[in-house]
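Residue-level structure breakdown
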Amino acid sequence: MGAQREAPQALSAGHPAERDALAIGRLASTVEGLRRELQQAQADSAGRALIEMAVGVLVERLRCGPSEAAAQLDDLAAKAGTSPLELAADLVNQASTDRISALAGDFVAASGKPAAAALRLRRTQADTLSRSDAHSVAQSMLEHALRPLGATAVAIWAAHPDQSLSLAGGAGFSEAETHRWRYVPPGVPTPARQALDRREAVGHAAIADAGLPSIGSLEAPGGRLAVPTGSGGRLIGALEICWPGPLPERTQSLHRQFEALAELAAATLETWDADAQGPFGPTDSAFEELRQLTDGLLDPCLILSLTPGSDEGPLQFSIDHVNPAFVDFAGRPRNAIAGARLLEAYPLAAEPGGLLGAVEHTFATGEPFRTGSMRLSAHVDGVPLSTHAQVAISRHGRRLAVVWRLDDGAPRVARLLHHAQRLGRIGGFEENLTTGQIAWNETLFDLHGLPPTARPIALSQLADHVHPDDRQAIERFLRTLLHHRRPASGAFRLQRPDGVARHIRVVAEPVVGSDTQPDMVRGAYQDVSAQHWTEVALAATRDQLAQSEQQAAERARLALQLQHAIMPPSRGPLDLSGLQAAVRYRPAEKDHLIGGDWYDALTLPTGEILLCVGDVAGHGIEAATGMVALRNALRGLAATGAGPAQLLTWLNSVTHHLTDSVTATAVCALYQPGTRRLRWARAGHLPPVLLRGGRAEMLPQLGGVLLGAVDQADYEEGETHLRPGDTLVMYTDGLIERRDDSLQACLDSLLALSEGATGEQGPLGLEAHLDHLLRFSDADTDDDTCLVGIRVH
């Protein structure tokens, strides 16, 4: 206690300068201690927020209260031999599916140890949630996640649509540096701008060597890494990290950490008040006041400012804002005007005595401008539009307020009427019958092929400018209008001075004076030439269509006659050397679908019986003539005594070389009565159906391409022996095809239909069997159908 009492005595006994130095040292020590305590408090706050997240996870999983969950967290940490903070980070990582949890899982899988990086990131995330501004978030990132990696500064950039950047938050930079870099104009190639343009992280070993301007180039001249930040698939900013020395090696783990920090920065930028900050830091209060003032006006108002970069040349002004009462006299929406340059929106403002001259004068001198009438002009889709308005211009700092008041609504109505007349090619006129004065609008001069300076044509002279055949129609029109004093209309062919004839429709009404006599006529001419020629073309098309339909019907009738002449729809049973044969042909339901199905059954000179069915691709007269050519060719080839496969090989050559682009399918069979041997071959056709003993089956699918597809083709030949009572049916696809079923399903249906062809006395006769197949077939393609059936005696 004595020593403690002697210290103040020694202090008081020393020199005054020594006492001051000692006091300053103690004060500095106290400030340093308070700073460490503040940092520790901030760290503890982030740790408490992370623990609260973990407690929330336990509450949800254990269905318990917050107090029990907190006790359970402490108990689990004690049993696991780890701190509650590390255990909390593990629980949050397990419950999350973000980059931080993935980073923690990769680290644990690689090392089997808790992820320190993930813990730092979780603490950063927890601290970020409690921060209200981007600068505090940047400070938290730097202290918790980046200083352990050797970084000394970090910046969070917000991107704007005009390619400029704003410093939303930063840590580790001096106040002067932060203020100097609060806004980066478009076109400055900073690392953050590079990362946004490339949409990927961009690193530089030393920012001083890269030659790129950026924040903190002197304070942190070493490595620099910029990572783009985004939300919802769009880029909204960038995270820029600074090192005093070289850029650390970018391992997969570090890459994951930086991406996680970028996500935290994106979450901060999502809530960052860009309007409150603006691209130049805090919003220009003078502009805000001017905007609020103009928004309260009932007249249209624009706020102009000098366009950046126009100081050294002709002055250019940009339209920064238009108030809610603004209505463009040219009818364009407000968003098409706001943000544009004055001369882009209103190029005719540069005319002598126009709006631009008044704006430049007010901007240069500060003198308010006011006029009772100024011509305002614009071009919309090549159409010049103009009106007159009262205009007032005043300067407010570096900005101008331009207020105009249109005379009334007449210019807008006139503009709409002008567009309607231009689009409809309508020209209005008014003729004073007493004074002879005539008024035409611009469209009417164009309709008549006259220059705007020409004298308008009076109604009494109209007959001299129309086609001679239409003069009586004009006389009836004028008699109704002027004599009977009733509205009238008419149509005529106008013969213009340039030799062009136009089809015109005219409507007019008389304006009757006090003496019940018309003293004025108002009306309109409309150019209906396009409509007239369209009607002429439609009439010609209708005539051509009717002629085409007549020709198609005639071709279909000829094709049907040709088919019936060669292949009648039905033929009575033929007795061919112990073999009963019958044929059926069903034409397509629609005449234009008449196809090329064909059949044949005859005894050859060799004693064998030729049986064949074919189908030429297509419909109409071409398919019918192709069918006749192939049927006759096969008959001639069969007389040689060759087998079915050879016959189809020859018939394929005939189809390929001697017909005009014809393709067909066919099945050909030769039956020898003495041995009941049946040889057959197929060219892309459906196989025959054999009905034996009440059971139906398909003959084997032999190989063979359709006829006419290739120059040379070989066909496989099959052989079977028929028995007494066997029924063999050859057919075309019109018997079985259904639009919504597979081919195999259609064939199975045909087999079932064949087995069901029985009557009260047992199996049906051959002709009744074929009729049964045609009647009960469920084919729905409306195609023609051909059947050949044989039954062995």
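Residues numbered from 1 in each chain as written. Predicted model: local features only at pLDDT ≥ 70, side-chain atom pairs only at ≥ 80, totals over all residues. Heavy atoms only, no water.

This paragraph deals with the sheet that holds strand β1 (residues 153-159). Taken together, 6 strands build an open sheet; the order of strands is β3-β2-β1-β6-β5-β4 and the sheet is antiparallel. For this open sheet the edge positions go to β3 (183-184) and β4 (202-204), each flanked by a neighbour on one side alone. Lying over the sheet, helix α9 (residues 191-198) contacts β1, β2 (165-171), β4, β5 (224-231) and β6 (234-242), oriented at roughly 50° with respect to β5. (Pairing = 2+ DSSP bridges. Helix = DSSP H or I, 4+ residues; strand = E, 2+ residues; numbered from the N terminus. Contact = heavy atoms within 4.5 Å. Axes fitted to C-alpha atoms, helices over the stretch in contact; angles between N-to-C directions.)

With 13 residues, helix α18 (residues 471-483) should reach 18 Å at 1.5 Å per residue; the first-to-last C-alpha distance of 17 Å fits that figure. When we look at burial in α18, the residues that qualify are Ile-474, Phe-477, Leu-478 and Leu-481. Seen along its axis, α18 keeps its buried residues to an arc of 95°; they face one direction. Facing away from the buried side of α18, by more than 90 degrees, are the exposed residues Gln-472 and His-483. Buried residues in α18 make contact with β14 (488-495), β15 (501-512) and β16 (518-527). Arg-485 occupies a position one or two residues after α18 and carries a positive phi of about 55°. (Expected span 1.5 Å × (residues − 1). Buried < 20%, exposed > 50% of the residue type's maximum accessible area, 1.4 Å probe, protein only. Arc of directions from axis to C-beta.)

Attention shifts here to the pattern of salt bridges. This model, assessed by the stated rule, comprises 25 salt bridges. The partner of Glu-608 in a salt bridge is Arg-679, with the nearest N and O atoms 3.1 Å apart. Of the two residues, Glu-608 sits in the loop between β19 (595-603) and β20 (609-619) while Arg-679 sits in strand β22 (residues 677-683), which places them 71 residues apart along the sequence. A relative accessible area of 14% places Arg-679 in the buried class. Connected via shared salt-bridge partners are Arg-425, Asp-446, Arg-502 and Asp-527. (Salt bridge = Lys/Arg side-chain N within 4 Å of Asp/Glu carboxyl O.)

The antiparallel open sheet is built from 5 strands, whose spatial order is β13-β12-β16-β15-β14. In this open sheet, the two strands that pair with only one neighbour each are β13 (438-440) and β14. The sheet shows a mean angle of 20° between the axes of neighbouring strands, taken without regard to direction. Bridge count between strand β12 (residues 426-432) and β13: 3 bridges; the pairing is antiparallel. Paired with Glu-431 across the two strands is Ile-438, which belongs to β13.

By the definition in use, this model includes 1 cavity of 30 Å³ or more. Its boundaries defined by the atoms lining it, the largest cavity holds a volume of some 60 Å³. Forming the boundary of the largest cavity are Phe-329, Tyr-346, Leu-348, Ala-349, Glu-351, Gly-354, Leu-355, Arg-375, Leu-376, Ser-377 and Trp-404. Among the elements that make up the lining of the largest cavity, the one with the highest residue count is strand β9 (residues 369-380) (3 residues). Classifying every residue of the lining of the largest cavity by side-chain character gives 7 nonpolar, 2 polar and 2 charged. (1 Å grid on protein atoms, 1.4 Å probe; cavity = no way out; pocket = protein on both sides within 12 Å on 5 of 7 lines; lining within 4 Å. Points joined across faces, edges and corners; volume = space filled by probe spheres on them. Nonpolar A, V, L, I, M, F, W, Y, C, P; charged D, E, K, R; others polar.)

For the rest of this paragraph, the subject is the packing of helix α22 (residues 743-755) against helix α23 (residues 766-776). Where α22 contacts α23, the axes come no closer than 10 Å and their chain directions differ by 135°. One way to sum up the angle between α22 and α23 is to call them oblique. For the pair α22 and α23, the sense of crossing is right-handed. Between α22, through Leu-750, Leu-753 and Ser-754, and α23, the contact on the second element is made entirely by His-769, His-772, Leu-773 and Phe-776. (Parallel < 35°, antiparallel > 145°, perpendicular 65-115°, else oblique. Left-handed = near helix turned anticlockwise from the far one by under 90°.)

A few words on the packing of aromatic side chains. For the coordinates displayed, the defined rule picks out 9 aromatic pairs. Ring geometry for Tyr-346 versus Trp-404: centroids 5.8 Å apart, planes at 85°, classification edge-to-face. Separated by 58 residues along the polypeptide, Tyr-346 in the loop between α14 (342-345) and α15 (355-365) and Trp-404 in strand β11 (residues 399-406) bring together distant segments of the chain. For Tyr-346, a relative accessible area of 2% gives the class buried. Where Phe-492 meets Tyr-525, the ring centres are 6.5 Å apart and the plane angle is 90°; that geometry is what we call edge-to-face. (Phe/Tyr/Trp six-rings, centres within 6.5 Å; stacked < 30°, edge-to-face > 60°.)

Turning our eyes to something else, we now look at unusual backbone geometry. You will see that Arg-199, though not glycine, has its phi angle at about 60°, which is positive. Looking at the element boundaries, Arg-199 is found in the loop between α9 and β4. Residue class for Arg-199 comes out exposed when judged on its relative accessible area of 56%. In this structure, Arg-676 takes a positive phi of about 55° despite not being glycine. Position of Arg-676 relative to the elements: it lies in the loop between β21 (664-672) and β22. For Arg-676, a relative accessible area of 33% translates into the label partly exposed.

Moving on to the pairing of strand β7 (residues 301-306). Of all 6 residues in β7, 6 are buried; the element is thus mostly enclosed. Side chains of β7 alternate between two faces, with Cys-301, Ile-303 and Ser-305 and Leu-302, Leu-304 and Leu-306 buried alike. Examined bridge by bridge, β7 and β11 share 5 bridges and lie antiparallel to one another. For Leu-302, the partnering residue across the bridge sits in β11 and is Val-402. Strand direction decides the pairing type here: β7 and strand β8 (residues 317-322), joined by 5 bridges, are antiparallel. Looking across to β8, one finds that Ser-305 is bridged to Ser-318.

The subject of this paragraph is the nonpolar core. In terms of nonpolar packing, the biggest core is built from 29 residues, with Tyr-346, Leu-355 and Trp-404 touching the most fellow members. Of all the secondary structure elements, the ones that give two or more residues to this core are β7, β8, α14, α15, β9, β10 (383-396) and β11. Considering each element in turn, this core owes the most residues, 5 residues, to α15. If we ignore the near neighbours within four places in the chain, the residues touching Leu-355 are Leu-342, Ala-349, Met-374, Val-391, Ile-393, Val-402 and Trp-404. (Core = buried A, V, L, I, M, F, W, Y, C linked by side-chain atoms within 4.5 Å.)

Model confidence for the protein chain is summarised by a mean pLDDT of 79, while 76% of its residues fall at 70 or above. Within the protein chain, helix α1 (residues 2-13) has the poorest average pLDDT of any element, 39, and β22 the best, 96. Confidence over residues 1-14 falls short of pLDDT 50; this stretch has 4 contacts with residues more than four positions distant or in other chains. In this model, residues 97-116 is a region of pLDDT below 50 whose contacts with residues beyond four sequence positions or in other chains number 31 contacts. (pLDDT = per-residue confidence, 0-100.)

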